[in-house]
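Notes for the structure review
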Amino acid sequence: MEIVNSIKETRKHIKNIKSKGKTVALVPTMGYLHEGHLSLVKRAKEENDYVVVSIFVNPTQFGPNEDLETYPRDLERDSKLLEKLGVDLIFHPEVEEIYPKGYNTHVEVLGDITKKLCGRSREGHFKGVVTIVSKLFNIVSPHRAYFGQKDAQQVAVIEKMVRELNFDLEIVPCPIVREEDGLALSSRNIYLDKEERKDATILSQSLFKAEEMIRNGERNPKVIEDFIINNIKTVNYAEVDYVDIVNGSTLEDVDEISGDILIALAVKIGKPRLIDNIRLEV
Ligand code: AMP
């Protein structure tokens with residue numbers, strides 16, 4: 001497994017691999033890997049000849065009061081995990097390699113799709129995400145790129161960007177990996193203390209109960225949203241950012257629960273702001 005910091009060297013490896021007619025996969029991450037990330041890597045391994053994992057804590061997707069400085073990092077541990085899975089190349093650039101002095105080009109998906117849900121409280125976040133993902137696509141030129149449904153809005157925004165900018169690759173969305181008690185795995189879960197960790201299970205529990213209510217016939221999004229908000233408020237450390245029910249691919253608001261439905265939420269539990277969602281066909 002190669003660990004490469006430079007764009008030039010990464011391109012050299014990819015060019016060589018592609019000249020042999022092999023397929024290339026990209027799994028973009030910010031590192032501090034857990035089983036959620038690894039599930040994307042495993043899927044990429046199954047479906048492609050050569051797997052690149054990028055590890056880059058992208059400063060442009062963090063707001064001024066967010067956790068850029070303290071975001072957990074452990075390249076040594078990450079490399080060991082990825083080597084075990086048979087990853088071919090880790091692309092681990094310095095910030096200056098990606099955003100050299102004077103850098104001033106950004107990619108932005110406009111409209112409601114980036115303004116609602118997480119876009120409401122994280123201004124500029126998706127502009128940063130779409131810019132880094134476009135750059136990674138241009139650097140690695142993968143046949144397929146793997147993203148977790150955990151970040152459902154991110155997947156929808158990237159799919160739109162790929163369609164509208166004619167990127168010649170396939171986006172592969174992968175299911176959410178959860179702890180046994182339902183908590184969606186996240187690098188930010190390490191910020192939770194013991195009590196908050198217990199409280200955090202309220203997120204997935206509320207989503208699963210909402211799903212049950214919908215399966216039992218409830219079709220009013222407001223009723224489900226209110227149920228989730230009130231349920232989350234029963235724990236000590238929760239502060240709801242949003243709970244929204246939208247169309248699963250366009251993220252447009254829905255008047256009635258039917259078809260492709262995404263129930264998404266963001267909640268601050270103690271220090272970290274956690275996100276979770278479920279997508280249903282009703
Ligand atoms: P991050 O390092 O948080 O930027 O995540 C890198 C990729 O892993 C993104 O596509 C995430 O959606 C995905 N991911 C993070 N957590 C999970 C999870 N619990 N299950 C599935 N995918 C995940």
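Since the model is a prediction, treat every value here as computed from it, not as a measurement.

Another point: the packing of aromatic side chains. Scanning the model with the defined rule gives five aromatic pairs in all. Here Phe62 and Tyr71 contribute two aromatic rings whose centre-to-centre distance is 5.9 Å and whose plane-to-plane angle is 80°, an arrangement assigned as edge-to-face. Both residues of the pair, Phe62 and Tyr71, belong to the buried class. Joined through ring pairs, the aromatic side chains of Phe56, Tyr99 and Tyr103 make up one cluster.

On to the sheet that holds strand β8 (residues 260-269). Here three strands make up an open sheet; going across it, the order is β7-β8-β9 and the pairing antiparallel. Both outer strands of the open sheet, β7 (238-247) and β9 (273-281), are each paired with one neighbouring strand and no more. Taking each pair of neighbouring strands and ignoring which way they run, the sheet shows an average axis angle of 15°. Where β8 and β9 come together, nine bridges link them in antiparallel fashion. Each bridged residue has a counterpart across the sheet, and for Ile261 the counterpart in β9 is Leu280.

Looking at helix α3 (residues 75-84), one finds that the buried residues are Asp78, Ser79 and Leu82. Summarising the axial view, the buried residues of α3 lie within an arc of 100°, below the 170-degree limit, and thus occupy one face. Structural note: α3 exposes Glu76, Lys80 and Lys84 on the side pointing more than 90 degrees away from its buried face. The secondary structure elements touched by the buried residues of α3 are β1 (2-4), α2 (35-47), β3 (50-55) and β4 (89-91). Phi turns positive one or two residues past the end of α3, at Gly86, with a value near 80°.

Position of Val133 relative to the elements: it lies in helix α7 (residues 125-140). Remark: the alpha-carbon pair of Val133 and Pro72, spanning 61 residues in sequence, is separated by 20 Å. Filtering out sequence-adjacent residues up to four positions away, Val133 remains in contact with Phe147, Ile158 and Met161.

We now examine the domain arrangement of the chain. Quite often, the size of an interface is put as the accessible area lost when its parts meet. On domain assignment, one finds that the chain holds domain 1 (2-174) and domain 2 (187-281). For domain 1 versus domain 2, the distance between C-alpha centres works out to 26 Å. Domain 1 puts 22 residues into the contact, and the matching count from domain 2 is 19 residues. Here domain 1 packs against domain 2, burying approximately 1700 Å² in sum over the two surfaces, 52% of which is carbon and sulfur. A per-residue breakdown of the area domain 1 buries against domain 2 is headed by Lys116, Leu117 and Lys150, which together make up 30% of the total. If you look at where domain 1 meets domain 2, you find three salt bridges. Asp244 is paired through a salt bridge with Arg120; the nearest N and O atoms lie 3.1 Å apart. Taken together, the connections running from domain 1 to domain 2 amount to 11 residue pairs in polar contact (both at pLDDT 80 or more). Secondary structure elements with two or more residues in the side of domain 1 that touches domain 2: α6 (118-121) and α8 (152-164). The residue inventory of the side of domain 1 that touches domain 2, partitioned by class, reads nine nonpolar, seven polar and six charged.

Criteria and cut-off values
Here the residue numbering is sequential within each chain, running from 1 through the sequence in written order. Two thresholds apply to this predicted model, a pLDDT of at least 70 for residue-level local features and 80 or more for giving and counting side-chain atom pairs, whereas whole-chain, interface and lining totals are computed over all residues. Note: side-chain values were computed over all heavy atoms of the structure, leaving out hydrogens and water. Stacked, tilted and edge-to-face are the three classes assigned to paired rings of Phe, Tyr and Trp, where Trp is represented by its six-membered ring and a pair needs centres within 6.5 Å; plane angles under 30 degrees give stacked, over 60 edge-to-face, the rest tilted. Summary of the burial criterion: residues with accessible area below 20% of their type's maximum are buried, those above 50% are exposed, and those between are partly exposed, where the area comes from a 1.4 Å probe applied to protein chains only. For two strands to be treated as a pair, DSSP must find at least two bridges joining them. Only runs of H or I of at least four residues qualify as helices and only runs of E of at least two qualify as strands under DSSP, and these elements are numbered from the N terminus. Axis definition: a line fitted to C-alpha atoms, over the contacting stretch in the case of helices. Angles run 0 to 180 degrees between N-to-C directions. It is the directions from the helix axis to the C-beta atoms whose arc is reported. Pairs of residues are marked as contacts when any of their non-hydrogen atoms sit within 4.5 Å. For the domain bounds, the source is a domain assignment made automatically or taken from a database. Accessible area that two parts lose when put together, evaluated with a 1.4 Å probe and summed over both, is termed the buried area. Between Lys or Arg on one side and Asp or Glu on the other, a salt bridge is scored when a side-chain nitrogen of the former is within 4 Å of a carboxyl oxygen of the latter. The definition of a polar contact used here is a pair of N or O atoms within 3.5 Å, where within protein one atom must be able to donate a hydrogen and the other to accept one, and adjacent residues in sequence count solely through side-chain atom pairs. In this classification, the charged set is Asp, Glu, Lys and Arg, the nonpolar set is Ala, Val, Leu, Ile, Met, Phe, Trp, Tyr, Cys and Pro, and all remaining amino acids, among them Gly, are polar.

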